[in-house]
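# Structural overview
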Amino acid sequence: MTFISCYFGANESGGKITDDFYLIGWDEKDWQIVYSLDNKIYDPEKIIILHDVFAVGHNKDFIIAKQHPCADNSPHLIDFDSLKPNKNITNYYIIKILNGDNNYRIHKFGNEKDFINGKMSLGVPETLEYKFYDEKLE
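Throughout, residues of each chain are indexed from 1 in the direction in which the sequence is written. Residue-level local features of this predicted model are given only where pLDDT is at least 70; pairs of side-chain atoms are given and counted only at 80 or more, and the full residue set underlies all totals for whole chains, interfaces and linings. Computation of side-chain values: all heavy atoms of the structure, hydrogens and water removed.

By definition, a salt bridge exists where a carboxyl oxygen of Asp or Glu is found within 4 Å of a side-chain nitrogen of Lys or Arg. Using the criterion set out here, one finds two salt bridges in the structure. The partner of D38 in a salt bridge is K46, with the nearest N and O atoms 2.8 Å apart. Burial classes: relative accessible area under 20% of the type maximum marks a residue as buried, over 50% as exposed, and values in between as partly exposed (1.4 Å probe, protein chains only). Of the residues examined, K46 reaches a relative accessible area of 17% and is grouped as buried. A salt bridge links D61 to K60, with the shortest nitrogen-to-oxygen separation between them at 3.2 Å.

With that settled, consider the sheet that holds strand β9 (residues 132–133). Two strands form a pair only when DSSP identifies at least two bridges running between them. Numbering of helices and strands runs from the N terminus; a helix is a DSSP stretch of H or I covering at least four residues, while a strand is a stretch of E covering at least two. Pairing is antiparallel in the open sheet, where five strands are placed in the order β8-β7-β6-β5-β9. Two strands in the sheet have a free side with no partner beyond their single neighbour: β8 (104–109) and β9. Bridge count for strand β5 (residues 53–58) against β9 is two bridges, and the pairing is antiparallel. Among the inter-strand pairings, V56 is bridged to a residue of β9, identified as F132. Packing against the sheet, helix α1 (residues 112–122) makes contact with β6 (62–67), β7 (91–97) and β8, and its axis sits at approximately 15 degrees to β7. We call two residues contacting when some pair of their heavy atoms lies within 4.5 Å. Here an angle of 0 to 180 degrees is reported between the N-to-C directions of two axes, which are lines fitted to C-alpha atoms, with helices fitted over the stretch in contact.

Think of it this way: a Phe, Tyr or Trp ring, Trp meaning its six-membered ring, pairs with another when their centres are within 6.5 Å, and the plane angle makes it stacked under 30 degrees, edge-to-face over 60, tilted otherwise. Considering all chains together, one arrives at eight aromatic pairs under this definition. Relative to F132, the ring of W31 lies with its centre 5.3 Å away and its plane at 70 degrees, an arrangement referred to as edge-to-face. With W31 in strand β3 (residues 29–35) and F132 in strand β9, this pair connects stretches of sequence that are 101 residues apart. Taking the relative accessible area as the measure of exposure, W31 reaches 9% and is therefore buried.

On to the pairing of β5, then. Counting buried positions along β5 gives six out of six residues, so the element sits mostly inside the fold. What sits between the antiparallel neighbours β5 and β6 is a turn of three residues.

What follows is the structure, given as structure tokens:
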């Protein structure tokens, strides 16, 4: 008889972006952005941008991110065999950090031109750069 198991949590990594926003991953890949008021950052219900996030920048008012969506279109959160980024598509995100109960608003853009226009209309500083960049996922 053979037993095979996985110790959930052993390969988790991540850290705070700002305020209650976190960048988390497993095996230092499959990065996702989480919003958590109670520091339970590995709760799948708290994920606001799914894998594969490969670039993140922030200031006190905004978080910007780039992500390749998963090539597997079936519903899944953490099925490691199906986590394959579709590098032909890049989604761009601006998270506006707000005060009050609804602490953020997500704006998603399907191309860089719309993202740049969105940055201008939302007032994101041109100087806001990516502080996290995973070249392997790019």
